[in-house]
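# Architecture and fold: a report
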Amino acid sequence: MTTIKKGDTVRIHYTGTLLDGKVFDSSEGRDPLEFAVGSGQIIPGLDTALPGMEIGEKKRVEVPCAEAYGPINPAMRQQIPREGIPDDIPLEPGTQLQMQTPDGQALPVTVMDADEATVTLDANHALAGQDLIFDIEIVSIN
C-alpha cells in the first residue's frame, strides 16, 4: 500500500479541537482538505505527522502551539487613537475587523479593548498560544 511522503498531494478529513474539547474547525460536511505534504500549506505540527500514513488510516495528532500558530506575540497588539476609526465601525471586544498594511495587504485584527481615547487591536492569529488536537483520516494520496 502507498504511504505518504513529502511532496505527495493528499486529501484528508479532519476535526480540529482545543484542549477543552471545543471544535474550532472541521471538514465534516465539506470536501476533504487537499494540499502538498511538506509545502508549508498547513501548520508544521500537522504536516510532519503525515509521512508514513496510508489511505484510510486515522490518527489523533497533538500539536503544541509552537508548531501551530505560535505563541501570542505582544508586538502584534497595538493601541490606536479612537478618533482614527469611523463611528460606524463596531468596537466591542471580540469584534473581527480588517486593516490594511502599508503595502496594501489585508490584515485581520480583533478588538481587544476600547475606551474614549484608544482602541486596542490584536493581529495575532485567533489560535495563537493554543495547543491543538487534530483527528485526521487520509482520503487519498497522489
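Note that this is a predicted model, so its numbers are computed, not measured.

## Side note on the overall build of the protein
- What the protein contains, in helices and strands, is one helix and nine strands.
- Walking the protein from its N terminus toward its C terminus, one meets helices and strands in the order β-β-β-α-β-β-β-β-β-β.
- Taking 2.2 N^0.38 as the reference for a compact globule, 142 residues should give roughly 14 Å; the C-alpha atoms of the protein span a radius of gyration of 19 Å, well beyond that estimate.
- Across its three principal axes, the protein shows a C-alpha extent of roughly 65 × 35 × 30 Å.
- Expressed as a percentage of the 142 residues in the protein, the buried residues total 35%.
- Sequence separation of 24 or more characterises 61% of the internal contacts of the protein that already satisfy a separation of 6 or more.
- About 8,800 Å² of surface is accessible on the protein, with carbon and sulfur atoms providing 49% of the total.

## With respect to the pairing of strand β7 (residues 106-114)
- Pairing of strand β6 (residues 96-100) with β7 involves five bridges; the strand directions are antiparallel. Paired with Gln96 across the two strands is Thr110, which belongs to β7.
- As consecutive antiparallel partners, β6 and β7 are separated by five residues, and within that stretch Gly104 has a phi angle of approximately 90 degrees, a positive value.
- Alignment of β7 against strand β8 (residues 118-122), held across four bridges, turns out to be antiparallel. The residue of β8 that forms the bridge with Val111 is Leu121.

## Re the nonpolar core
- Ile4, Leu50, Phe134 and Ile136 are the most contacted members of the largest nonpolar core, which has 22 residues in total.
- For this core, the secondary-structure elements that each account for two or more residues are β1 (9-18), β4 (58-63) and β9 (132-141).
- For this core, the element with the most residues is β9, which contributes five residues.
- Leave out the neighbours within four places in its chain, and Phe134 touches Tyr14, Thr15, Gly16, Phe24, Ile43, Leu46, Lys59, Arg60, Val61 and Val63.
- By size, the runner-up hydrophobic cluster in this structure holds nine residues, among which are Val109, Val111, Val119 and Ala123.

## Let's talk about the environment of Ile80
- With respect to the helices and strands, Ile80 occurs in strand β5 (residues 77-81).
- Note on Ile80: relative accessible area 19%, which makes it buried.
- Setting aside chain neighbours within four positions, we find Ile80 in contact with Ile85, Ala117, Thr118, Val119 and Leu121.

Parameters and conventions
Residues numbered from 1 in each chain as written. Predicted model: local features only at pLDDT ≥ 70, side-chain atom pairs only at ≥ 80, totals over all residues. Heavy atoms only, no water. Helix = DSSP H or I, 4+ residues; strand = E, 2+ residues; numbered from the N terminus. Rg over C-alpha atoms; globule rule 2.2 N^0.38 Å. Buried < 20%, exposed > 50% of the residue type's maximum accessible area, 1.4 Å probe, protein only. Contact = heavy atoms within 4.5 Å. Areas by Shrake-Rupley, 256 points an atom, 1.4 Å probe, with all protein chains shown as cover. Pairing = 2+ DSSP bridges. Core = buried A, V, L, I, M, F, W, Y, C linked by side-chain atoms within 4.5 Å.

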